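Observations on chain architecture
If you want the building blocks of each chain, they are given just below.
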Amino acid sequence: MAGIYIHIPFCKQACHYCNFHFSTSLKYKNEFVQALLCEIELRKNEFAELEIETIYFGGGTPGILSVAEMQQILFAIRENYSCKNVFETTVEMNPDDISEEKIIGFKKLGIDRISLGVQSFFEEDLKYMNRSHSATKAIESIEIIAHYFDNYTVDLIYGFPLLNDAKLQKNVAKLLEKNTPHISIYGMTVEPKTALDIFIKKGTEKPMNAEQGARQFEYLMKRLATAGYEHYEISSYAKKGKRAVHNSNYWAGKPYLGFGPGAHSYQGKTRAWNVANNALYIKSLSANKLDQEQETLTQNDILNEMVMLGLRIIEGLNLEKYKNESSAEQYDSLLLKAEPYLKKDFLIKTQSNLQLTNEGKLFCDAVSAALFI
């Protein structure tokens, strides 16, 4: 089983914190769609023997696509890949792209899950992030989606200076009132060369506060557990049966193909990534070629990725799988490196897994790095 990811590299405006590949100009959107269709057909032999389980449209803002454009892309995928057993098809959307007409149109195409980027229900927060929607539109969008879809997720962001604890609690309360089936909540990070990074360096915005972020993350874990959500991945909370299948497959190390500029592909021992430039992407595919780089993963790369991904999920790092992929010395070294974190109660070791405790989740990246080869 495998997944397909499609990167749609367009946004109406640039969020101050975002470092994904995108363009705010829609000038070449038609040419991009044609190039994307070409790539989908060009690479059909890569997964010729694999069943596609999930399809995910990310960005950028896939909700910018018209129903007709989405239909073209899905038709190309279904024509060139084995899609008889697709379990989940997700489209990321922003509230300002949501209309009843578009939601109905997407559903008729077989899309069965929407990922809605709300981030906050407070106007000052949305302005701080340079989001293109209003708080009122966010609420309206959730109501439209919930009317037509029983499987959707809403994104929030915590840990930034404007978001005091009371505001975070109100943001969460709104989603609980709507009985939202899946919630993704990300800590604000300051990526290099983003607008937010520049503002902080100039002193026009405050830096992130680690203590605030930790406190709010602890609140989220407790509050959403009480509300019946499973904290199945560091940033992901789901009602029963509503885990994100596509993302879960990433964390499980399943193969996937990535289409579009900047998209990554993974096939177990190799990783590839497309050129992160719309013009170069379109130009290469107009000549029926793909501008792409590839790497073969070393055994150490594979083991380190297994640790990083395993510790992010509720099941933890599968020790038997790690043992089978590593040498005896590497496996013994892993257990030795884990000892200090077991004593601190950051980790729990069962017969088959190594798992982060709730306290350990506050230090997920640091613990993972400490267990790397």
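Notes on the structure in this doc start here.

Parameters at a glance
- Think of each chain on its own: its residues are numbered from 1, step by step along the sequence as written.
- In view of the model being predicted, local features appear only for residues whose pLDDT reaches at least 70, and side-chain atom pairs are presented and counted only at 80 or more, with totals across whole chains, interfaces and linings using the full set of residues.
- The basis for every side-chain value is the complete set of heavy atoms in the structure, and neither hydrogens nor water enter the calculation.
- Only DSSP runs of H or I covering at least 4 residues are called helices, and only runs of E covering at least 2 are called strands; the numbering of each starts at the N terminus.
- Our radius of gyration is a C-alpha quantity, and the globule rule it is checked against amounts to 2.2 Å times the number of residues to the power 0.38.
- Exposure categories follow from relative accessible area, calculated using a 1.4 Å probe and restricted to protein chains: below 20% of the type maximum is buried, above 50% is exposed, and the middle band is partly exposed.
- Note on areas: Shrake-Rupley with a 1.4 Å probe; residue coverage comes only from the protein chains shown.
- Definition of a polar contact: a pair of N or O atoms within 3.5 Å, with one able to donate and the other able to accept a hydrogen when the atoms are protein atoms, and with sequence-neighbouring residues admitted only if both atoms are side-chain atoms.
- What makes two strands pair is DSSP finding at least two bridges between them.
- Here a residue-residue contact requires only that any non-hydrogen atoms of the pair lie within 4.5 Å.
- Axes, fitted as lines to C-alpha atoms, cover a helix only where it is in contact. Angles between the N-to-C directions of the axes lie from 0 to 180 degrees.
- Whenever Lys or Arg places a side-chain nitrogen within 4 Å of a carboxyl oxygen from Asp or Glu, that contact is recorded as a salt bridge.

Turning to the overall build of the protein, a few remarks are in order. A tally of regular secondary structure across the protein gives 15 helices and 15 strands. For a compact globule of 373 residues, the expected C-alpha radius of gyration is about 21 Å, and the protein comes in at 21 Å, within 12% of that figure. Projected onto its principal axes, the C-alpha coordinates of the protein cover approximately 55 × 50 × 45 Å. The buried share of the protein, reckoned over its 373 residues, is 51%. Taken as a whole, the protein presents about 17,500 Å² of accessible surface, with 51% of it coming from carbon and sulfur.

Looking now at the side chain of N80. Here N80 shows up in helix α2 (residues 67–80). Polar side-chain contacts of N80 include one of 2.8 Å to the backbone oxygen of A76.

The next subject is the sheet that holds strand β14 (residues 347–349). Here we have three strands laid out as an open sheet, ordered β13-β15-β14, and antiparallel in their pairing. Among the strands making up the open sheet, the edge pair consists of β13 (317–318) and β14. Two elements, β13 and strand β15 (residues 353–356), share two bridges in a ladder whose sense is antiparallel. From the neighbouring strand, L317 faces β15, where its bridge partner is L354. Lying on the sheet, helix α13 (residues 328–343) is in contact with β13, β14 and β15; it crosses β14 at an angle near 125°.

Let us look at the pattern of salt bridges. Considering all chains together, one arrives at 16 salt bridges under this definition. Between D97 and K12 there is a salt bridge, with its nearest N and O atoms 3.2 Å apart. In this pair, D97 is assigned in the loop between β3 (88–93) and α3 (100–108) and K12 in the loop between β1 (2–8) and α1 (29–42), connecting sequence segments 85 residues apart. Relative accessible area serves as the criterion here: at 47%, K12 is assigned to the partly exposed category. Among the charged side chains, a salt-bridge network with shared partners connects K12, D96 and D97.

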